[in-house]
Amino acid sequence: MEFISQHPVLVVSIVKIAVLLFIVMTALAYLTWFERKVVAHIQSRWGPYFVGAHGLLQPLADGVKFLFKEDMTPPASDKFVYILAPFLALSLALTTIALIPFGPLTGPNLTLLGQPIFVVSNLNIGLLFLFAITSMGVYGVALAGWSSNSKYPLLGGLRSSAQMISYEVSLTISVVGVILLAGSLGFNDIIEGQKGYWLHVIPRWHFIPQIVGFFCYLTAAIAETNRIPFDLPEAETELVAGFHTEYSSFKFAMFFMAEYANMITVSCLATILFFGGWLSPFPDSWTWQNYLPGAGLVALAIYCAINTVVEMRGFFHRLQMGIVTALAGGIGLLCLIPPVAAVVQGPFWFTTKILVFIFFYVWLRGTLPRFRYDQLMSFGWKLLLPVSLANLVITAFVLLFLRRG
Amino acid sequence: MSLPFVVFFACAILAVAGGILLILAREPIHSALSVILVMMSLAILFLLLGAEFIAAVQIIVYAGAIMVLFVFVIMLLNAGSEERTNFSHIAKFVGVPLGFFLLLLTAHWLFHSPAGASIANGPGSVDVPDTTTRALSMLLFRQYLFPFEATSILILIAVLGALILARKEQ
């Protein structure tokens with residue numbers, strides 16, 4: 001007890017990290033399920049269906065499979081670097097999430113021992129620090145490719161480093177426009193600066209004045225996370241599996257999780273910078289919006305209940321859907337209580353916006369073919385970089401004239 | 001022992017260990033990795049001093065950009081491991097004593113300078129100037145604008161020079 005009162009920051013931070021890590025790891029596991037389901041429906045398939053109701057236990061089965069597979073290390077590999085690479089990739093990808101504010105930092109019921117509960121670390125150079133960590137992310141991929149001491153991983157690693165270096169430039173420059181508008185590098189200041197409405201209904205998100213910057217950011221972010229249509233480092237038709245060809249068992253799973261964690265990070269960043277973070281899209285005067293999270297979950301529960309009765313076959317699938325129904329209904333009813341409703345507002349909008357971005361990612365994967373390598377490079381350097389530079393210069397000039405006059 | 005104290009010594013030891021590993025490692029990639037270790041520990045030391053901006057830039061520029069290029073080139077050339085040679089006589093009888101002398105000189109200077117005093121007496125014993133990003137950019141773009149722009153032009157000239165050297169003969 002004495003220790004807690006003496007070191008409130010340390011204790012609260014450890015609690016927040018533990019909770020956040022649990023949520024993020026679960027989210028990572030279910031993102032794989034979400035992606036497989038969405039891609040399957042785009043391609044007129046069912047996707048995972050048999051392990052649990054609607055394949056809901058598939059991530060668990062995958063996890064168990066990864067844990068119990070034989071973990072092989074190629075004899076010619078550089079052992080130390082070979083083992084270091086997946087740890088580096090995953091730990092760097094997870095570190096960035098500590099900087100993300102999921103809800104308002106001040107307000108009733110939003111602090112624990114005087115510390116905000118919705119962010120692990122509120123740095124006033126948050127954006128810069130996030131770029132510092134993501135710029136290290138290339139090591140995981142490059143070192144994995146090199147240390148395997150094999151042709152395809154090396155080619156994949158080389159491609160990946162070249163691609164990540166090239167698109168990092170556009171990524172960074174495309175968000176400088178937002179920094180100019182917000183006048184700060186801290187995530188909280190950037191979000192607070194987007195409060196308010198044009199014509200009383202249109203939210204003052206940076207998305208509208210920075211629409212060019214937003215599309216540059218989105219493109220560069222997809223390339224940074226090595227996703228289709230920029231997934232050349234692991235193009236299976238050319239390179240088997242690219243940089244992680246030689247990895248098996250849990251080390252492979254770590255690269256997999258790192259990729260999804262990076263997807264979450266860039267979606268969070270897009271939400272914060274261009275879509276107002278945890279701000280609601282509706283004006284404050286519309287008080288019914290407080291009940292949206294609860295109402296949404298109750299609606300989901302009703303849908304699940306109907307699904308349990310109508311579609312599910314067999315005792316276990318019905319039981320699982322029943323549990324999902326009870327969970328969604330229970331949390332939904334809890335969220336309808338006014339004080340709880342006020343607290344979950346921020347995280348609800350933040351999560352909704354992230355899910356839209358994740359869906360966009362999966363949608364792209366389901367519909368677009370892959371770039372050719374020279375197309376990728378010339379697109380990055382000859383189109384994306386000049387456009388984001390022009391966006392920066394124009395934003396700077398407009399702001400200069402607006403603030404002078 | 002306070003937490004900053006523990007972090008300082010952990011990072012200081014890591015930085016020195018990284019520096020030693022850089023010289024001792026035989027694989028070029030291992031040397032590059034130890035440089036990254038040094039840069040990361042230095043960045044944490046900057047954070048301890050309250051210089052967040054410099055810490056972030058330290059990681060972005062050195063660990064995130066320059067060392068990535070090093071690793072990239074090492075991978076591309078597939079450089080083999082280094083060969084060990086015998087210690088040369090000049091190094092043994094002149095280099096090592098001179099190195100120790102330099103170390104002593106630095107230590108002596110640190111103990112008798114205000115920077116050293118602030119380390120020895122703990123944080124807060126010497127007035128630290130405002131280290132926020134805003135204060136830093138005010139200095140950079142007001143007081144030191146000319147040196148800043150001159151450096152940018154110098155870098156631009158260097159880039160152009162590299163381009164001309166690397167260009168294929170027409």
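Note that this is a predicted model, so its numbers are computed, not measured. (Residues numbered from 1 in each chain as written. Chains lettered and ligands numbered in written order. Predicted model: local features only at pLDDT ≥ 70, side-chain atom pairs only at ≥ 80, totals over all residues. Heavy atoms only, no water.)

J.: So what about the overall build of chain A? Which residues, and what values?
T.: Along its length, chain A carries 15 helices and four strands. Dimensions of chain A along its principal axes, counting C-alpha atoms only, are 70 × 65 × 55 Å. Within chain A, buried positions represent 50% of all 405 residues. In chain A, of all internal contacts separated by at least 6 residues, the share reaching a separation of at least 24 is 78%. With the model as given, the accessible surface of chain A reaches about 19200 Å², and the carbon-plus-sulfur share is 73%. If you average the places of the 22 positive and of the 19 negative side-chain charges in chain A, the two averages end up 6 Å apart. (Helix = DSSP H or I, 4+ residues; strand = E, 2+ residues; numbered from the N terminus. Buried < 20%, exposed > 50% of the residue type's maximum accessible area, 1.4 Å probe, protein only. Contact = heavy atoms within 4.5 Å. Areas by Shrake-Rupley, 256 points an atom, 1.4 Å probe, with all protein chains shown as cover. Lys, Arg positive; Asp, Glu negative; His and termini not counted. Charge placed at Lys NZ, Arg CZ, Asp CG, Glu CD.)

J.: Tell me about the interface of chain A and chain B, residues and numbers included.
T.: With 26 residues of chain A in contact, the opposing surface of chain B contributes 25 residues. Note on chain A versus chain B: buried area summed over both sides is about 2100 Å², and carbon and sulfur give 79% of it. The largest contributions to the chain A side of the interface with chain B come from Tyr139(A), Trp146(A) and Leu158(A), which together make up 27% of the buried area. Applying the counting rule to chain A against chain B returns zero salt bridges. Elements represented by at least two residues in the side of chain A that touches chain B include exactly helix 4 (79–95), helix 5 (126–136), helix 6 (138–147) and helix 7 (151–182) of chain A. Grouping the amino acids of the side of chain A that touches chain B by side-chain chemistry returns 20 nonpolar, five polar and one charged. (Buried area = accessible area lost by both parts, 1.4 Å probe. Salt bridge = Lys/Arg side-chain N within 4 Å of Asp/Glu carboxyl O. Nonpolar A, V, L, I, M, F, W, Y, C, P; charged D, E, K, R; others polar.)

J.: Outline the confidence of the model for chain B, listing residues and values.
T.: Residue and element names in this part refer to chain B. With 88% of its residues at a pLDDT of 70 or more, chain B shows a mean pLDDT of 82. Confidence, read as mean pLDDT per element, is least for helix 5 (residues 114–120) in chain B (63) and greatest for helix 7 (residues 145–166) (92). Scored by ipTM, the complex comes to 0.76, with pTM at 0.84. (pLDDT = per-residue confidence, 0-100.)

J.: Residue-level account of the domain arrangement of chain B, with values.
T.: Per the domain assignment, the segments making up chain B are domain 1 (1–80) and domain 2 (131–170). A straight line from the C-alpha centre of domain 1 of chain B to that of domain 2 of chain B covers 24 Å. (Domains from an automatic or database assignment.)

J.: Hey, could you go over the packing of aromatic side chains for me, with residue numbers and the actual values?
T.: Residues and elements named next belong to chain A. Per the counting criterion, the structure on display carries 25 aromatic pairs over all chains. Taken together, a centroid distance of 4.3 Å and an interplanar angle of 5° make the contact between Tyr82 and Tyr247 stacked. Of this pair, Tyr82 sits in helix 4 while Tyr247 sits in the loop between helix 10 (236–239) and helix 11 (249–274), and the two are 165 residues apart along the sequence. The exposure class assigned to Tyr247 is buried, which follows from its relative accessible area of 5%. In this structure an aromatic cluster arises from ring pairing among Trp205, Phe207, Phe214, Phe215, Tyr217, Phe274, Phe275 and Phe357. Over the face of the ring belonging to Phe66 we find Lys65, whose NZ or CZ atom lies 6.0 Å from the ring centre. (Phe/Tyr/Trp six-rings, centres within 6.5 Å; stacked < 30°, edge-to-face > 60°. Lys NZ or Arg CZ within 6 Å of the ring centre and 35° of its normal.)

J.: Break down the packing of helix 2 (residues 28–48) of chain B against helix 3 (residues 52–77) of chain B for me, citing the residues and quoting the values.
T.: Residues and elements named next belong to chain B. Where helix 2 meets helix 3, the closest approach of the two axes is 8 Å, and the angle between their N-to-C directions is 175°. In terms of axis orientation, helix 2 runs roughly antiparallel to helix 3. Side by side, helix 2 and helix 3 meet where Pro28, Ile29, Ala32, Val35, Ile36, Met39, Met40, Leu42, Ala43, Phe46 and Leu47 of the first sit next to Glu52, Ile54, Ala55, Gln58, Ile59, Tyr62, Ala63, Met67, Val71, Ile74 and Met75 of the second. (Axes fitted to C-alpha atoms, helices over the stretch in contact; angles between N-to-C directions. Parallel < 35°, antiparallel > 145°, perpendicular 65-115°, else oblique.)

J.: Got a sec to walk through helix 5 of chain A? Specific residues and values, please.
T.: Among the eleven residues in helix 5 of chain A, ten count as buried, and that is most of the element. Among all positions of helix 5 of chain A, only Gly126(A), Leu127(A), Leu128(A), Phe129(A), Leu130(A), Phe131(A), Ala132(A), Ile133(A), Ser135(A) and Met136(A) are buried.

J.: Residue-level account of the side chain of Thr225(A), with values.
T.: Structurally, Thr225(A) is set in the loop between helix 9 (211–224) and helix 10. In this structure the side chain of Thr225(A) is engaged in a polar contact, spanning 3.1 Å, whose partner is the backbone oxygen of Ile222(A). (Polar contact = N/O pair within 3.5 Å; in protein donor to acceptor, adjacent residues only side chain to side chain.)

J.: Help me get a handle on the nonpolar core, residues and values and all.
T.: Leu127(A), Tyr217(A) and Ile29(B) are the most contacted members of the largest nonpolar core, which totals 106 residues. A per-element tally of this core places helix 11 of chain A first, with 15 residues. (Core = buried A, V, L, I, M, F, W, Y, C linked by side-chain atoms within 4.5 Å.)

J.: Just give me the short version of the environment of Arg159(A), but keep the residues and values in it.
T.: By the secondary structure assignment, Arg159(A) is in helix 7. Along the sequence, Arg159(A) and Tyr373(A) sit 214 residues apart, while their C-alpha atoms lie 8.5 Å from each other.

J.: Can you lay out the side chain of Lys251(A) for me, pointing to particular residues and giving the numbers?
T.: Residue and element names in this part refer to chain A. Along the chain, the position of Lys251 falls in helix 11. Residue classification places Lys251 among the buried positions, given a relative accessible area of 10%. Among the polar contacts made by the side chain of Lys251, one reaches the side chain of Asp71 at a distance of 3.0 Å. When residues no more than four places from it in sequence are discounted, the contact partners of Lys251 are Asp71, Thr73, Tyr82, Ile83 and Pro86.

J.: So what's going on with the packing of helix 4 of chain A against helix 11 of chain A? Residues and values would help.
T.: Each pair of packed helices gets described by two things: the angle between the helix axes and the distance between those axes. All names here are of chain A. It is the contact of helix 4 with helix 11, at a shortest axis distance of 8 Å, that shows an interaxial angle of 25°. The orientation of helix 4 relative to helix 11 falls into the category roughly parallel. Pair helix 4 / helix 11 crosses with left-handed handedness. Residues Tyr82, Ile83, Ala85, Pro86, Phe87, Ala89, Leu90, Ala93 and Leu94 of helix 4 lie in contact with helix 11, whose contacting residues are Lys251, Met254, Phe255, Met257, Ala258, Ala261, Asn262 and Thr265. For the contact of helix 4 with helix 11, the residue count by class is 14 nonpolar, two polar and one charged. (Left-handed = near helix turned anticlockwise from the far one by under 90°.)

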